[in-house]
Amino acid sequence: MKRIAVNDKIRNIAIIAHVDHGKTTLVDAMFKQSGVFRDGQEIARRVMDNLDLERERGITIAAKNCSVFWKNVKINIIDTPGHADFGGEVERALAMADGALLLVDASEGPLPQTRFVLKKTLEAKLKVIVVINKIDRKDARITQVLDEIYDLFIDLDATEEQIDFPVLYSIGRDGVCKKNLEDENKNLEILFDTVLEYIPGPKYEIDEPFQMLVADLGYSDYMGRLAIGRIINGKTMSNDNLICINGKGESIPLKVIRLQVYEGPKFVPADFVEPGDIVVLSGIENVTIGDTICTKSSPKALNRIRVDEPTVSMKFSGNNSPLVGREGAYVQSSRIFERLQKEALKNVAIQVEMTDDKESFTVKGRGEFQMAILVETMRREGFEMCVGRPEVIYKYEDKTKLEPIEHLFIDCNEEFMGIVTEKLSIRKGKMLNLANDGKGRVRIEFSIPSRGLIGYREELLTDTKGTGIINSYFIGYEPYRGDFLTRFTGSLVSDRSGNAVAYALFNLEPRGQLFIVPGNLVYEGMVIGEHSKHNDINVNPCKEKKLSNMRAAGKDENIILTTIKQMTLERAINFIKDDELIEVTPKSIRLRKSVLSSHQRHLKEASKRKQEV
């Protein structure tokens with residue numbers, strides 16, 4: 001018979017929420033009030049968002065661990081992403097937790113990503129504390145939001161115990177939390193006390209030897225690879241001889257060089273660790289997320305971390321344009337493949353496969369935003385590469401083609417409802433619900449193929465003059481809904497190499513929207529603009545005005561070019577067609593045809609038409 005015990009000295013909680021509902025700001029306040037920082041210490045805002053991209057975009061991309069102490073109890077906190085594209089981070093983070101704080105904005109209420117992260121939490125059978133945040137907002141609707149949260153729990157088939165959750169009200173920015181709205185609290189004491197009271201301490205089996213589930217990986221210049229995870233059973237000390245059981249069931253011997261735990265957002269050395277704690281082991285090279293680290297005398301593997309299957313793939317390849325190597329440090333395909341494999345080790349939702357030509361690679365993930373973050377991270381590290389348009393991953397059952405479907409929420413002004421509905425119906429979207437708040441805004445729900453959302457977010461902002469809000473989450477696979485056009489315009493393609501000239505660009509402006517300015521380097525096959533008609537055309541952006549010794553009657557034309565739309569990575573991913581690529585370097589983002597030679601493209605098109613006939 002198993003002897004179960006509880007470690008009451010520890011609490012492990014995950015903080016889950018929709019994007020921008022205040023997770024990281026609340027963690028900042030918890031740090032300050034629990035004594036992690038000394039009085040007067042200068043502290044950066046959003047301490048846990050320590051990646052450059054996270055600070056720039058104001059979102060959490062990677063789940064990260066930290067800890068605080070309250071009444072001699074250690075509270076390990078896992079700050080999770082709120083975007084569905086980073087769902088793999090949420091799933092591995094929940095493997096370390098015994099409970100969760102669900103933050104919901106007092107005005108916006110539970111949104112699609114709230115549903116996604118809560119669904120994963122309830123499936124993991126974790127206890128939930130609901131915190132309605134930003135109660136000081138002028139448009140706060142606290143009572144209605146609480147009703148919506150109860151409806152969401154019921155809709156997600158929560159158990160009676162899970163639905164009987166405590167509710168707190170907070171202003172994360174000010175570090176205030178209340179049990180009742182009329183209370184005069186000025187700190188987070190009630191939040192800490194509720195965590196200790198409601199979230200159980202980690203359970204473990206007394207007679208089992210040391211077992212740890214690896215849920216994250218890190219790297220130290222001094223200690224090498226770091227294995228981060230929760231101790232399920234037993235204890236260990238520095239310099240213990242252990243083994244790592246990998247996904248194939250193989251046992252790899254290892255010696256713990258250094259044992260560390262979290263204190264605030266940092267690591268601190270520890271002589272020994274207890275069951276339920278989240279620890280960092282150094283000196284382990286061949287380890288991946290989901291592996292079990294245990295004693296050599298009693299090897300016993302734990303259940304591996306399982307995540308949802310990827311729904312989107314993107315092709316990565318080395319840069320083969322005429323400008324290759326001018327701006328990047330790493331251009332070889334082998335270096336790109338090594339970097340992608342490293343990413344797949346740290347991110348359980350990413351899969352990397354080599355294609356038949358050995359020069360390009362297929363990367364599978366959760367969504368186009370996740371892919372864009374990966375590409376942006378790599379270009380900042382000095383990589384040069386080409387990436388293709390995201391493609392959804394289809395399934396086949398009994399010869400029936402199935403495609404991933406999203407539940408889409410659009411919040412926009414009432415005047416834009418017609419154009420939004422029209423565009424989404426073209427993309428095979430089906431309206432599920434329409435709600436008018438009586439104040440000029442509507443919320444529309446659609447069921448739509450995932451491929452229908454690729455490139456639509458940018459279009460929505462244009463159609464709604466920047467006022468539209470879009471959110472979605474994956475709901476499953478359904479039979480293929482049929483083909484549709486994702487872009488009704490063609491491309492302006494350079495027919496030669498050189499420097500763009502103002503005179504040439506001025507005369508090309510009537511053809512469509514340009515992406516380049518005078519002085520930009522161009523080459524044959526480079527996409528320099530969007531053609532206003534459906535077909536591609538080859539143009540000369542390097543053409544100069546012919547000069548002669550004859551003076552023209554009247555003034556020379558004063559060339560004033562229209563301001564171009566700056567091409568960002570997300571915009572480029574949304575814009576390109578299937579026969580186009582994005583050339584990504586640390587300094588530039590260029591669009592190009594996958595086949596650069598216009599002659600080769602013409603032959604390929606002729607061959608394709610011949611086969612269709």
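Here, every reference points to the structure presented above.
Residues numbered from 1 in each chain as written. Predicted model: local features only at pLDDT ≥ 70, side-chain atom pairs only at ≥ 80, totals over all residues. Heavy atoms only, no water.

Novice: Please clarify how the overall build of the protein should be interpreted in this entry.
Specialist: Helices and strands together make up the secondary structure of the protein, namely 14 helices and 37 strands. Here the C-alpha atoms of the protein give a radius of gyration of 27 Å, agreeing with the 25 Å that 2.2 N^0.38 yields for 613 residues. Principal-axis analysis of the C-alpha atoms places the extent of the protein at approximately 95 × 60 × 60 Å. Across the 613 residues of the protein, 52% fall into the buried class. Put simply, 71% of the contacts in the protein that link residues at least 6 apart link residues at least 24 apart. Taken as a whole, the protein presents about 29900 Å² of accessible surface, with 48% of it coming from carbon and sulfur. (Helix = DSSP H or I, 4+ residues; strand = E, 2+ residues; numbered from the N terminus. Rg over C-alpha atoms; globule rule 2.2 N^0.38 Å. Buried < 20%, exposed > 50% of the residue type's maximum accessible area, 1.4 Å probe, protein only. Contact = heavy atoms within 4.5 Å. Areas by Shrake-Rupley, 256 points an atom, 1.4 Å probe, with all protein chains shown as cover.)

Novice: Where do I start with helix α11 (residues 456-463) in this structure?
Specialist: Since the α-helix turns once every 3.6 residues, residues separated by three or four places project in the same direction. For α11, every residue scored as buried is listed here: Y456, L460 and D463. Viewed along the axis of α11, the buried residues span an arc of 70 degrees, placing them on a single side of the element. Where α11 is buried, its residues meet β26 (400-413), α10 (417-426) and β29 (469-479). Backbone geometry just downstream of α11 places K465 in the positive-phi region, at approximately 55 degrees. (Arc of directions from axis to C-beta.)

Novice: Looking at this model, I keep getting lost on the side chain of R601. Mind explaining?
Specialist: Within the fold, R601 resides in helix α14 (residues 598-612). No salt bridge is formed by the buried R601; the nearest opposite charge belongs to E524, separated by 5.7 Å. Polar side-chain contacts of R601 include one of 2.7 Å to the backbone oxygen of L596. When sequence neighbours within four positions are dropped, the list of residues in contact with R601 reads V493, G525, N538, K593, V595 and L596. (Lys, Arg positive; Asp, Glu negative; His and termini not counted. Salt bridge = Lys/Arg side-chain N within 4 Å of Asp/Glu carboxyl O. Polar contact = N/O pair within 3.5 Å; in protein donor to acceptor, adjacent residues only side chain to side chain.)

Novice: I would appreciate a short explanation of the sheet that holds strand β6 (residues 127-133) in the present structure.
Specialist: Strand order in this open sheet of 7 strands is β3-β4-β2-β5-β6-β7-β8, and the pairing throughout is mixed. With one partner strand each, in any of the chains shown, β3 (64-70) and β8 (176-178) form the two edges of the open sheet. Across the sheet, the mean angle separating the axes of adjacent strands is 30 degrees when strand polarity is ignored. Sheet topology note: the strand β2 (residues 10-17)/strand β4 (residues 73-79) ladder contains 6 bridges and is parallel. Considered in β4, the bridge of N12 is made with N76. (Pairing = 2+ DSSP bridges. Axes fitted to C-alpha atoms, helices over the stretch in contact; angles between N-to-C directions.)

Novice: Mind showing me how you'd approach the pattern of salt bridges here?
Specialist: Where charged atoms from two side chains of opposite charge approach closely, those side chains can pair. Scanning all chains against the criterion turns up 37 salt bridges. For K74, the salt bridge identified is with D277, shortest N-O distance 3.3 Å. Of the two residues, K74 sits in strand β4 while D277 sits in the loop between β17 (272-273) and β18 (278-282), which places them 203 residues apart along the sequence. In this pair, the class of K74 matches that of D277, namely buried. R379 is paired through a salt bridge with E376; the nearest N and O atoms lie 3.3 Å apart.

Novice: How should the nonpolar core be read in this particular structure?
Specialist: Side chains of a nonpolar character, in soluble globular proteins, are inclined to be buried together. Core analysis: the biggest nonpolar cluster contains 64 residues, and I132, F153 and I293 have the highest contact counts within it. The element contributing the most residues to this core is helix α5 (residues 142-155), with 6 residues. Setting aside chain neighbours within four positions, we find I293 in contact with F210, Q211, M212, V214, A227, L242, I243, C244, L281 and I284. (Core = buried A, V, L, I, M, F, W, Y, C linked by side-chain atoms within 4.5 Å.)

Novice: For this particular structure, what's the right way to read the pairing of strand β37 (residues 589-593)?
Specialist: Here is the key point about a regular strand: its side chains alternate between the two faces of the sheet. With 5 of its 5 residues buried, β37 lies for the most part within the structure. Both faces of β37 are covered, namely the face carrying I589, L591 and K593 and the face carrying R590 and R592. Bridge count for strand β36 (residues 580-584) against β37 is 5 bridges, and the pairing is antiparallel. Residue pairing for β37: E580 is matched across the bridge by K593.

Novice: Looking at this model, I keep getting lost on the packing of α10 against α11. Mind explaining?
Specialist: Packed helices, taken two at a time, are described by the angle their axes make and the gap between the axes. The contact between α10 and α11 brings their axes to 10 Å, and the two run at 155 degrees. Accordingly, the angle class assigned to the pair α10 and α11 is roughly antiparallel. Considering only the axes of α10 and α11, their crossing is right-handed. Seen from α10, the contacting residues are I419, V420, K423 and L424; seen from α11, they are Y456, E459, L460 and D463. Class assignment of the residues belonging to the contact of α10 with α11 gives a composition of 5 nonpolar, no polar and 3 charged. (Parallel < 35°, antiparallel > 145°, perpendicular 65-115°, else oblique. Left-handed = near helix turned anticlockwise from the far one by under 90°. Nonpolar A, V, L, I, M, F, W, Y, C, P; charged D, E, K, R; others polar.)

Novice: Help me out: how do you make sense of the pairing of β3 in this one?
Specialist: Counted residue by residue, β3 has 6 buried out of 7 residues, so it is predominantly covered. Inspection of the sheet shows β3 paired to β4 by 7 bridges, in the antiparallel sense. Bridge pairing in β4 places C66 opposite I77. The antiparallel hairpin formed by β3 and β4 contains 2 residues in its connecting segment, where K71 sits at a positive phi of about 55 degrees.

Novice: Even after reading the chapter, I still don't get helix α7 (residues 189-198), so can you show me in this structure?
Specialist: Most of α7 sits inside the fold, with 7 of its 10 residues counted as buried. Those residues of α7 that fall on the buried side of the exposure criterion are I190, L191, F192, T194, V195, L196 and Y198.

Novice: Before we go on, may I ask you to explain the packing of aromatic side chains in this structure?
Specialist: To describe a pair of aromatic rings, you give the distance between the ring centres and the angle between the ring planes. For the coordinates displayed, the defined rule picks out 9 aromatic pairs. Ring centres 4.8 Å apart and planes at 25 degrees place the aromatic pair Y150 and F165 in the stacked group. Taken together, the residues span a long stretch of sequence, with Y150 in helix α5 and F165 in the loop between α6 (160-163) and β7 (167-171) at a distance of 15 residues. Residue Y150 is classed as partly exposed on the basis of its relative accessible area of 29%. Judged by its relative accessible area of 5%, F165 falls in the buried class. Considering the side-chain rings of F474 and Y477, the 5.7 Å spacing of their centres and the 80 degrees angle between planes classify their relative orientation as edge-to-face. What makes F474 partly exposed here is its relative accessible area of 33%. Ring pairing ties together the aromatic residues Y150, F153 and F165, which thus form one cluster. A cation sits over an aromatic face here: K401 above Y480, 4.2 Å from the ring centre. Over the aromatic face of F575 sits the side chain of R487, whose NZ or CZ is 3.9 Å from the ring centroid. (Phe/Tyr/Trp six-rings, centres within 6.5 Å; stacked < 30°, edge-to-face > 60°. Lys NZ or Arg CZ within 6 Å of the ring centre and 35° of its normal.)

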